Amino acid sequence: MALMTLEEEGAYIRALAFCWGHGSIPEDPKKLAFLIGKGASTTVATTVGNMFEPDPTQPGQLISPRMEEVRAKAAEWREKSIEGGIKSGE
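Here the structure is a predicted model, which means the values were calculated and not measured.

Rules of the game
Residues numbered from 1 in each chain as written. Predicted model: local features only at pLDDT ≥ 70, side-chain atom pairs only at ≥ 80, totals over all residues. Heavy atoms only, no water. Helix = DSSP H or I, 4+ residues; strand = E, 2+ residues; numbered from the N terminus. Rg over C-alpha atoms; globule rule 2.2 N^0.38 Å. Buried < 20%, exposed > 50% of the residue type's maximum accessible area, 1.4 Å probe, protein only. Contact = heavy atoms within 4.5 Å. Lys, Arg positive; Asp, Glu negative; His and termini not counted. Charge placed at Lys NZ, Arg CZ, Asp CG, Glu CD.

### Examining the overall build of the chain
The number of helices and strands found in the chain is 4 helices and 3 strands. A compact globule built from 90 residues would reach a C-alpha radius of gyration of about 12 Å, whereas the chain, at 17 Å, exceeds it by more than 25%. Here the C-alpha coordinates of the chain stretch approximately 55 × 30 × 20 Å along the principal axes. Residues counted as buried form 27% of the 90 residues belonging to the chain. Sequence-distant contacts in the chain: of pairs separated by 6 or more residues, those separated by 24 or more amount to 52%. Charge separation in the chain, taken as the distance between the mean sites of 10 positive and 13 negative side-chain charges, equals 4 Å.

Spelled out as C-alpha cells, the structure:
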C-alpha cells in the first residue's frame with residue numbers, strides 16, 4: 001500500500017470495505033471500477049484487484065486472505081463470548 005497513489009489507496013480501502021460486507025469483490029476490472037465508484041478507472045481497479053486473491057469457492061470473485069483471518073478470529077471470539085455469557089447466566 002505504501003507505493004500506491006492516493007487514488008489507488010482510497011480505491012483499495014473502498015474495495016476492502018465492500019469485501020468485508022459482502023465477502024468478496026468482482027475480479028473483472030470494469031465491475032470493480034464501478035463498485036469502487038468515484039470515477040475509478042479500470043487501471044486503478046486492476047491495481048486494486050492485484051491486492052486480492054481469487055476466491056476458490058466463487059469463480060470471478062476476489063478475496064482478501066488477511067481479512068478472512070480477521071473474520072475467522074472475530075467469529076471465534078464471538079462464539080467464546082456467547083458461551084461465556086450463557087455460563088455466567090446459569
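### A closer look at the side chain of Ser24
Structurally, the position occupied by Ser24 is in the loop between helix H1 (6–22) and strand E1 (25–26). When its relative accessible area of 3% is taken as the criterion, Ser24 is described as buried. Aside from chain neighbours lying at most four places away, what touches Ser24 is Phe18, Cys19, Asp55, Gln58, Gln61, Leu62 and Ile63.

### A few points about the environment of Phe18
Looking at the element boundaries, Phe18 is found in helix H1. A residue is classified by how much of its surface remains accessible, and Phe18, at 27% relative accessible area, is partly exposed. In the structure, Phe18 is positioned 13 residues away from Thr5 in sequence and 20 Å away in space, judged by C-alpha atoms. Setting aside its immediate chain neighbours within four residues, Phe18 contacts Gly23, Ser24, Ile25 and Leu35.

### Some thoughts on the side chain of Ser64
Relative to the helices and strands, Ser64 resides in the loop between strand E3 (61–63) and helix H4 (65–89). Owing to a relative accessible area of 8%, Ser64 belongs among the buried residues under this scheme. Sequence-distant contacts of Ser64, that is, excluding residues within four places in its chain, are made with Leu16, Cys19 and Phe52.

### Some points on unusual backbone geometry
The residue Lys38 is not glycine, and still its phi comes out positive at about 55°. Mapping Lys38 onto the fold places it in the loop between helix H2 (29–36) and helix H3 (42–49).

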